[in-house]
Amino acid sequence: MTRRRGPTGSARIGVSGLGYMGLATALSFSAHGGSVIGYDVNREVTDRIAHGRSPYHEAGLESLLSRELSSGRFRVVGDLAEMVAETEGVFLCLPTPAGARGRIDLRPVTSGARQLGKALRRTEGHRTVVIKSTVVPGTTERVLEPELRRVSGLGTDRLGVAANPEFLAEGSMVRDALRPERIVLGVNDPRSRGWLRRVYRSFGAPVLELSPTGAELVKYASNAFLALKVSFANEISRMAERLGTHVDDVMAATGADPRIGSKFLRAGPGFGGSCFEKDLRALVTCARDLGVRLRTGETTLTVNAEQTHHALELARQAAGPLHDRTVAVLGLSFKPGTDDVRESRAFPLVTGLLKDGARARVHDPVALGRFREAWKLGHPGGPGNGESLVFASSVPSALEGADLAILHTDWPEYRAWPRSWTDRMRQGVVLDLRRSLPASVTTRARLKVVALGVGNGSMPNGGPAGPPGSRRP
Ligand code: UDX
């Protein structure tokens, strides 16, 4: 990218928490000319980063890291106080995992704020603390700001606390961080507002300013709306199958209306990932606490869970009863381009196959290890690399003797589907949940491909009724 030497160049920025999001955020500030210090409580993480090795599998992250380390604008420290002393403001990028009963677990963020508060006690001059973590609306103003003030002893003249949610999607984090579509600032005090505007000036993205609580709600509303679009496309896909049409054609034409927009209308096995489900649950719960019933959010989650039942039904239709059959599941990460398996729909899919009495052979080009670890944690003493569930290290070994292959994640390497793969199978039947196999593959003899959202026109009960009186007896 061309580096614009804008006012970001004069900002001294701290980033506390170097997970996927914190690291990408820190490097984006540095790439835009800021002087950035990163800190993480985990020594292993800071050591790796200091040596130019990204702890995470994320496209472009490691090369950006080595570039920014050698530019001298980015460095990591193992001492929070040092970072706080040398910067004008600190972005808190700590995780907010799912907690009990649909709430988020605020403990990592509150304890991070407390540590930061202690380090702030020894500073001079003004500081801004920016909450980048996804926290339910009201958290910055009602929980984190009071805690930071209590521990640091700093009043509004010395400390500003703001919210600045991120919208980074895995697989495109580097691009999203360097060139965001918009910057949402939740800030009440003018001094912090001025500093944040300066931090982001060279990014060239529209800056939208709200209160911290408003900014926090924007984050949840955005994810809830994107998830709603996916669930909507998934429901339409079920209709498309019965009506004998193609869901992608229908959604492309629907999304061509700019009021609707064409993105996030790809039907598939349902959404996964660390954000959508957790954020939706937290939003629904937060709404309920406020006396508001968020039916769209509740239904989005229901439709997502149903989509796995639908995928299993398609599998039964494609290959017959699954009892005693061998089914290969290709792709385990929640989307391609990442080894992240959090909330991947591959988990309920494999569980459903095993419940039906099938033997599952699972494969993923990069996420197999993480899937195995997570599966074993969730199923202590349960199936794993035994008869009923095999973690296959190659596609041919996953397909050996299979009666059905289910394409769950659209990794590009699956698209070529060489003939030798079909030869490995006992029956050449593929259920393509992402419609990723090209026509050159789907039209091959000896291979039956059933695709989610693509109809064969078999409408139950003769299809929809015509106008009154037109129905044949
Ligand atoms: C999401 C948001 O996009 C991001 O802004 C936020 O900060 C974090 O949550 P991420 O979880 O990385 O990012 O993935 P995303 O690309 O949004 O996909 C989420 C899930 O929805 C994936 O399982 C994906 O396969 C699915 N999806 C997405 C569809 O099934 N169809 C679509 O059209 C789009």
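Residues numbered from 1 in each chain as written. Predicted model: local features only at pLDDT ≥ 70, side-chain atom pairs only at ≥ 80, totals over all residues. Heavy atoms only, no water.

Considering the site of the ligand
Let me state the cut-off plainly: Only a single heavy atom is needed: when it lies within 4 Å of a molecule or strand, its residue is near that molecule or strand. What qualifies as a polar contact is a pair of N or O atoms within 3.5 Å, subject to a donor-acceptor requirement within protein and to the restriction that residues adjacent in sequence count only when both atoms come from side chains. In this description, accessible areas are obtained by the Shrake-Rupley approach with a 1.4 Å probe, and a residue is regarded as covered only by the protein chains that are shown.
As a matter of local geometry, the ligand sits amid 18 residues, with Glu170, Arg266, Gly272, Phe334 and Lys335 nearest to it. Phe167 places a main-chain nitrogen or oxygen 3.3 Å from an oxygen atom of the ligand. Backbone polar atom of Arg266 to a nitrogen atom of the ligand: 2.8 Å apart, as the coordinates give it. Expressed as a share of its isolated accessible area of 660 Å², the protein-covered part of the ligand is 91%.

Side note on the packing of aromatic side chains
Put simply, the rule reads: Any two rings among Phe, Tyr and Trp, with Trp reduced to its six-membered ring, count as a pair given centres within 6.5 Å; such a pair is stacked if its planes are under 30 degrees apart, edge-to-face if over 60, and tilted if neither. Put simply, DSSP H or I for four residues or longer makes a helix, DSSP E for two residues or longer makes a strand, and each gets a number counted from the N terminus. Residue burial is assigned from relative accessible area. The probe radius is 1.4 Å, only protein chains are included, and a residue is buried under 20% of its type maximum, exposed over 50%, and partly exposed in between. Two conditions define a charge located above a ring, namely a distance within 6 Å from the ring centre to NZ of Lys or CZ of Arg, and an angle within 35 degrees of the ring normal.
All told, the structure shown has 13 aromatic pairs when counted by the stated rule. Plain terms: the ring middles of Phe91 and Trp195 are 6.0 Å apart, the flat faces sit at 40 degrees to each other, and that makes the pair tilted. Placement of Phe91 in strand E4 (residues 89-92) and of Trp195 in helix H8 (residues 190-200) is noted, with a sequence separation of 104 residues between them. The pair formed by Phe91 and Trp195 is uniform in burial state, with each residue classed as buried. Taken together, the ring pairs connect Phe29, Phe91, Trp195, Tyr200 and Phe203 into an aromatic cluster. The ring centre of Phe167 lies 3.8 Å from the NZ or CZ of Arg182, which sits over that ring.

Concerning helix H10 (residues 247-255)
Condition: Comment: arc refers to directions from the helix axis out to C-beta atoms.
Listed as buried for H10 are Val247, Asp248, Met251 and Gly255. Down the axis of H10, the buried side of the element spans an arc of 95 degrees, and every buried residue falls inside it. Pointing more than 90 degrees away from the buried face of H10 are the exposed residues Asp249 and Ala253.

As for the pattern of salt bridges
If charged atoms from side chains of opposite charge come close, those side chains can pair. What counts here: Salt-bridge detection follows one rule: a side-chain nitrogen of Lys or Arg within 4 Å of a carboxyl oxygen of Asp or Glu.
Going through the model one piece at a time under the given rule, you end up with 30 salt bridges. Linking Glu145 and Arg149 is a salt bridge whose minimum nitrogen-to-oxygen distance equals 2.8 Å. Of this pair, Glu145 and Arg149 both sit in helix H6 (residues 139-152), separated by four residues, roughly a single helical turn. Note on Glu145: relative accessible area 17%, which makes it buried. Between Arg316 and Glu313 there is a salt bridge, with the nearest N and O atoms lying 2.9 Å from each other. Of this pair, Arg316 and Glu313 both sit in helix H12 (residues 295-319), three residues apart, which is roughly one turn of that helix. One continuous salt-bridge network, built from bridges that share partners, spans Arg75, Glu82 and Glu86.

Structural notes on the sheet that holds strand E9 (residues 326-330)
Formally: Paired strands, in this sense, are two strands between which DSSP finds at least two bridges. For helices, the axis comes from a line fit to the C-alpha atoms of the stretch in contact; other axes are also lines fit to C-alpha atoms, and the angle between any two N-to-C directions lies between 0 and 180 degrees. A contact between two residues is defined here by any heavy atoms of the two lying within 4.5 Å.
The six strands are arranged E11-E10-E9-E12-E13-E14 in an open sheet whose pairing can be described as parallel. Unpaired on one side and paired on the other, strand E11 (389-391) and strand E14 (448-451) mark the two borders of the sheet. In this sheet, neighbouring strand axes are inclined to one another by 20 degrees on average, regardless of whether the strands run parallel or antiparallel. Packing against the sheet, helix H14 (residues 368-378) makes contact with strand E10 (359-363) and E11, and its axis sits at approximately 145 degrees to E11.

Quick look at the nonpolar core
Formally: In these notes, a set of buried Ala, Val, Leu, Ile, Met, Phe, Trp, Tyr and Cys residues joined through side-chain atoms within 4.5 Å is what counts as a nonpolar core.
Ile13, Val15, Phe29, Phe74, Phe91, Leu196 and Tyr200 are the most contacted members of the largest nonpolar core, which totals 39 residues. Put simply, the parts of the chain that give this core at least two residues each are strand E1 (12-16), helix H1 (20-31), helix H2 (43-50), helix H3 (61-71), strand E3 (74-77), helix H7 (173-178), strand E7 (183-186) and H8. Among the elements that take part in this core, H1 stands out by supplying eight residues, more than any other. Residues within four places of Leu196 in sequence aside, it is in contact with Phe91, Val130, Ala162, Leu185 and Val187. Grouped together as the second largest cluster of nonpolar side chains are 38 residues, Ala233, Leu312, Leu368 and Ile406 included.

Focus on the environment of His126
With respect to the secondary-structure elements, His126 resides in the loop between helix H5 (107-121) and strand E5 (127-131). When the C-alpha positions of His126 and Asp157 are compared, they lie 7.2 Å apart, and in sequence the two are 31 residues distant. Discounting chain neighbours no more than four positions away, the residues touching His126 are Glu88, Thr156, Asp157, Arg158, Leu159, Gly160, Asp189, Arg191 and Ser192.

Details of the side chain of Ser333
For Ser333, the position within the fold is in the loop between E9 and helix H13 (346-355). Residue Ser333 is classed as buried on the basis of its relative accessible area of 0%. A distance of 3.5 Å separates a polar atom in the side chain of Ser333 from a polar atom in the side chain of Trp411.

Details of H13
Across the 10 residues of H13, seven count as buried, placing the element largely inside the fold. The set of residues buried in H13 consists of Ala346, Phe347, Leu349, Val350, Gly352, Leu353 and Leu354. Buried residues in H13 make contact with H12, E9, E10, H14, E11 and strand E12 (404-407).

Concerning the confidence of the model for the protein chain
As a reminder, the rule being used: A residue's pLDDT is the predictor's confidence in that residue, given on a scale from 0 to 100.
For the protein chain, the mean per-residue pLDDT works out to 93, and 93% of the residues sit at or above 70. Overall, residues 1-5 carries pLDDT values under 50, and its contacts beyond four positions in sequence, including any with other chains, amount to 14 contacts. Below pLDDT 50 for its whole length, residues 469-473 participates in five contacts with residues either more than four positions away or in separate chains.

What about the environment of Arg158?
Position of Arg158 among the secondary structure elements: in the loop between H6 and strand E6 (159-163). Separated by 35 residues in the primary sequence, Arg158 and Thr123 place their C-alpha atoms 9.5 Å from one another. Excluding residues within four positions of it along the chain, Arg158 makes contact with Thr123, Glu124, Gly125, His126 and Arg127. Separated by 2.9 Å, the side chain of Arg158 and the backbone oxygen of Thr123 make a polar contact.

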